[in-house]
Amino acid sequence: MTSTRSTTVSLALAGVLALVPLASATASAVPRPAAEAVPAATDRVVVKFHDGAVPEASRDAVYAGAAERTGDPGLVETSATADGAHVLRTGEMLAGAELEELTTALRQDPAVEYAEPDLLATTAAVPNDPSYSAVQWSLWDEPAGLGMPLAWDLATGAGQTIAVVDTGITPHPDLDANVLPGYDFVSTAQNGRDGDGWDADPTDMGDHPDAVLCPTSPMPPSATWHGTHTAGVAAADADNGQGVAGVAPDAGILPVRVVGACSQGYITDVAAGVTWASGAPVPGVPANPHPATVINLSLGVAGECPPVLQAAITGAVARGIPVVVAAGNQAVDAAQSAPANCAGVISVAATDVSGALASYSNFGSVTLAAPGGDPDAQILSTGNTGAQAPGAPAYTERNGTSMAAPAVAGAVALLRERSPELGVDGVRAALTGTARQAPGGCAPGCGAGIVDPVSALIEAQGGEPFSTRGGIGSLHRKIGASTGEPRSRELCALGGTPCFQEFVNGWIVWDAGTGARWVAFLPAQWWGIAG
């Protein structure tokens, strides 16, 4: 069949095809406002009585007295602690003077030994990588971000393998601990720049233009080190005190090189790489000892899905391996670009720092979306300083659906760690069933919405990812007829305030100073993101 002849088909990396130039120099940090002192907030208090087993009626009388003095009619005893104290739920989230007033009122009763706030502990999963809190807005628990701290409390990708089918990889201290033995499927020596064809060394030799292969290429003269960057988005090591964090920081990275000079690679080579990554045999190639549990393809070619690529993807999916692909960066319907239009894939559009569809991103016929950045707030990840040959490890910024796809691949790795029984359809259902609408808007269509890893993890475990609580929950109980049902979980900024939750007809916003309020849309200044 002529459609499978490798000599007639080439492809270009999704990240390179962005309608805006991509930065490959040292990252310029997205500034984050200095954190202000925020009063500790909670919707629960703990009360211990002197005499131990105090009758329920006597306890209720104490609570009623405190409620009368503070004007809080919502005090409800919910549970007891191991040492005999009792947990009370307040009518709304309280902080500062209001919280102190309530605990003081409870302490004034002579039967009470102590009354203290049942404070909300922050997650222990926030990594110490210096760029996380300074630059990696796409991972923050904010409307435009992925909310990774809560997700990392549930899973980190341990035991999973993310195949990065791309330009290969270069050594990097934020990746090396996670990198598994990969393979090079660039079939021609000239395109591969390594003197041979397929081999066991997936090192990226540079995808910069070639005077013979692509003399009129619009690409910049320097290599992009694209595979190193996408690998870092998916699974850069976290909590190691350096650089960045990946979405699945404990997952293995399986580098599969299929793209070489001019950011091009043959479709047949890509298909072979997908097949090998999935654990299936490829003639003339040693068996893959580390089959992928998810495959990422941040690359694209215009037109219909080539049959040879479709066959490889279909085979991987049949073996239970989700295939995540970039939607493409031509600002057209993703149905016009492969592999986004291949059957069985999870195709990913890109959103920007405002939580809107990125201007360059393909749209419409996509599964969902994830942060891909924009020229003013790109995605920082692992890179290399080399111009036309591998140099020193570095951190670089890029934007594109190439950056959005590995974020979703990382989320799949988290799901497969937490719920290994999930098949491909189960993974897709967990991701799409909990995705949230793009707060900045996505009129052309972002599929199910922006992926929300923590909600997907909760859903996969049979939990309720969109429950309401605290001040937001209190207001929703009062005006639920106006807001409609929740469509996302509650998201809070790194400092713990403000918090946001999306409902059918708008958002409820809570902060420690003003409490909860309902808004039809989310003003940008509330997002805690500069730029």
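Reading the values: the criteria
Residues numbered from 1 in each chain as written. Predicted model: local features only at pLDDT ≥ 70, side-chain atom pairs only at ≥ 80, totals over all residues. Heavy atoms only, no water. Pairing = 2+ DSSP bridges. Helix = DSSP H or I, 4+ residues; strand = E, 2+ residues; numbered from the N terminus. Contact = heavy atoms within 4.5 Å. Axes fitted to C-alpha atoms, helices over the stretch in contact; angles between N-to-C directions. Core = buried A, V, L, I, M, F, W, Y, C linked by side-chain atoms within 4.5 Å. Buried < 20%, exposed > 50% of the residue type's maximum accessible area, 1.4 Å probe, protein only.

Caption draft 1: View of the pairing of strand E20 (residues 515–519). Here five bridges tie strand E19 (residues 506–511) to E20, and the two strands are oriented antiparallel to one another. Looking at E20, one finds that Val 509 is bridged to Arg 517. Hairpin remark: E19 followed by E20, antiparallel, with three residues in the connecting loop.

Caption draft 2: The arrangement of the sheet that holds strand E18 (residues 499–503) in detail. Overall, antiparallel pairing links the four strands, which are arranged E17-E18-E19-E20 in an open sheet. Lying at the two open borders of the sheet, with one neighbouring strand each, are strand E17 (491–492) and E20. Alignment of E17 against E18, held across two bridges, turns out to be antiparallel. From the neighbouring strand, Leu 491 faces E18, where its bridge partner is Phe 500. Packing against the sheet, helix H12 (residues 470–483) makes contact with E18, E19 and E20, and its axis sits at approximately 25° to E20.

Caption draft 3: Spatial organisation of the nonpolar core. Grouped together as the largest cluster of nonpolar side chains are 61 residues, with contacts concentrated most on Ile 162, Val 324, Val 408, Leu 415 and Leu 431. Tallying contributions element by element places helix H9 (residues 401–418) first for this core, with eleven residues. Non-local contacts of Leu 415, meaning those with residues more than four positions away in its chain, are made with Pro 420, Leu 422, Val 427, Ala 430, Leu 431, Ala 456, Leu 457 and Ala 460. Listed in part, the 46 residues of the second largest apolar core include Val 285, Leu 299, Leu 357 and Ile 450.

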